[in-house]
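Structural characterization, general
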Amino acid sequence: MSFSRFWELLTRRDTARAGRIDWDAKYGTDTRSTVELHGLTIPHDSRSFGERYQASDPSVLSDALAFVGLDPRAYRFVDLGCGKGRMLIIAAELGFKSCVGVEFADELAQTAKANAAAAGFRTISIVHGDAGGYAFPDDPFVLYLFNPFAHQIMARVRDNLLKLRRADYYVIYKNPRERRIFDEMPTLRYLGTPPAHKGVWGVHVWAPRGA
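Owing to the predicted nature of the structure, the values given are computational and were not obtained by experimental measurement.

Here's the deal with the sheet that holds strand β4 (residues 141–146)
Taken in spatial order, the 7 strands make up an open sheet running β3-β2-β1-β4-β5-β7-β6, and their pairing is mixed. Since the sheet does not close on itself, it has two edges, and those belong to β3 (124–128) and β6 (188–192), each with one partner. Strand-to-strand twist in this sheet, taken as the mean axis angle between neighbours without regard to direction, amounts to 20°. Two strands pair when backbone bridges link them, and strand β1 (residues 76–80) and β4 are joined in this way by 4 bridges, in the parallel orientation. Looking at the pairing, V78 lines up with L143 of β4.

Thoughts on the packing of aromatic side chains
Two numbers describe a pair of aromatic rings. These are the distance of the centres and the angle of the planes. Within the structure shown, the criterion is met by 11 aromatic pairs. Ring geometry for F141 versus Y169: centroids 5.1 Å apart, planes at 15°, classification stacked. Placement of F141 in strand β4 and of Y169 in strand β5 (residues 169–174) is noted, with a sequence separation of 28 residues between them. The exposure class of F141 is buried, given its relative accessible area of 1%. Measuring from ring centre to ring centre gives 5.7 Å for Y173 and F182, while their planes differ by 80°; the resulting arrangement is edge-to-face. Overall, F182 belongs to the buried group, its relative accessible area being 0%. Through a chain of ring-to-ring contacts, three or more aromatic side chains come together here, namely Y134, F136, F141 and Y169.

Focus on the nonpolar core
Grouped burial of nonpolar side chains is what soluble globular proteins tend to show. Counting residues in each nonpolar core, the largest one holds 33 residues, and the members touching the most others are L61, F77, F96, C99, I124 and V142. Counting residues per element, the ones that place at least two in this core are α3 (23–27), α4 (59–68), α5 (86–94), α6 (106–119), β3, β4, β5 and β7 (203–208). In this structure V142 touches L70, Y75, R76, F77, V78, F96, Y170 and I172, once residues within four positions along its chain are discounted. Residues F141, L143, L161 and L188 belong to the second largest nonpolar core, which totals 25 residues.

Examining the pattern of salt bridges
Counting across every chain of the model gives 10 salt bridges. Close ionic contact of K84 with D30 constitutes a salt bridge, the shortest N to O distance being 3.4 Å. One end of the pair, K84, is in the loop between β1 and α5; the other, D30, is in the loop between α3 and α4, and 54 residues separate them in sequence. Overall, D30 belongs to the partly exposed group, its relative accessible area being 38%.

Regarding the environment of R209
On the secondary structure map, R209 appears in the segment after β7. The class of R209 is partly exposed, set by a relative accessible area of 47%. C-alpha separation for the pair R209 and Y170, spaced 39 residues apart in sequence, amounts to 9.9 Å. Those residues in contact with R209 that lie beyond four places of it in its chain are M185, P186, T187, L188 and R189.

Topic: the side chain of N115
With respect to the helices, strands and loops of the structure, N115 is situated in helix α6. Setting aside anything within four residues of it in sequence, one finds N115 in contact with T29, D30, T31, K84 and I89.

Here we look at the environment of D159
Within the element layout of this structure, D159 appears in helix α7 (residues 151–162). A sequence separation of 27 residues divides D159 from G132, and the C-alpha atoms of the two residues are 9.0 Å apart.

Observations regarding the pairing of β1
The buried count for β1 comes to 4 of 5 residues, which makes it a mostly enclosed element. Both β1 and strand β2 (residues 99–103) contribute to a ladder of 4 bridges, which runs parallel. From the neighbouring strand, F77 faces β2, where its bridge partner is C99. Note that the unit made of β1, α5 and β2 has a crossover that is right-handed.

What counts and how
- Residues numbered from 1 in each chain as written.
- Predicted model: local features only at pLDDT ≥ 70, side-chain atom pairs only at ≥ 80, totals over all residues.
- Heavy atoms only, no water.
- Pairing = 2+ DSSP bridges.
- Helix = DSSP H or I, 4+ residues; strand = E, 2+ residues; numbered from the N terminus.
- Axes fitted to C-alpha atoms, helices over the stretch in contact; angles between N-to-C directions.
- Phe/Tyr/Trp six-rings, centres within 6.5 Å; stacked < 30°, edge-to-face > 60°.
- Buried < 20%, exposed > 50% of the residue type's maximum accessible area, 1.4 Å probe, protein only.
- Core = buried A, V, L, I, M, F, W, Y, C linked by side-chain atoms within 4.5 Å.
- Contact = heavy atoms within 4.5 Å.
- Salt bridge = Lys/Arg side-chain N within 4 Å of Asp/Glu carboxyl O.
- Right-handed = clockwise from strand over helix to strand, strands pointing away.

The structure is reproduced here in structure tokens:
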């Protein structure tokens, strides 16, 4: 992909055309329909703290990256509570070095793996497990969350982030019901919301305090 085309995607200069993209038709995936957690196989004690799966708006990630001025090619991407993996496919298309999705529901994790295989991106991997136990990479990364779970799990995520030797990561949090956790982290500073995704339940972004 040329740099001009990459930047066009990142800055959403072709928003009207991109907004018409049918991601499932494009890649032969299944990322749409909302899925409630009851009835799913979840072999973790955090079942009661999870939220239903709902597909992310594809523009969220590119708009947030443009808002920060971040080149995804220098970062890894981590989606906690990745569900069916739609945002992983979008992140891979944008050029992240690697894209990891963590999902605790067996059925959703299997669907995410199938979707990643159908999309054909070798940079995508799925971790079937509890997001509260995920060990973050030491390399620079972008953490994405779409209201995936309650305070109890988010607190574990915070503690794992604070174990890193350096805070070289950004947080993109849609519908941030537990945003106070990130507001209070000494390693982060709040940047605000991308113009197209404002509002209390919109998309909020944090950066490393030294960045």
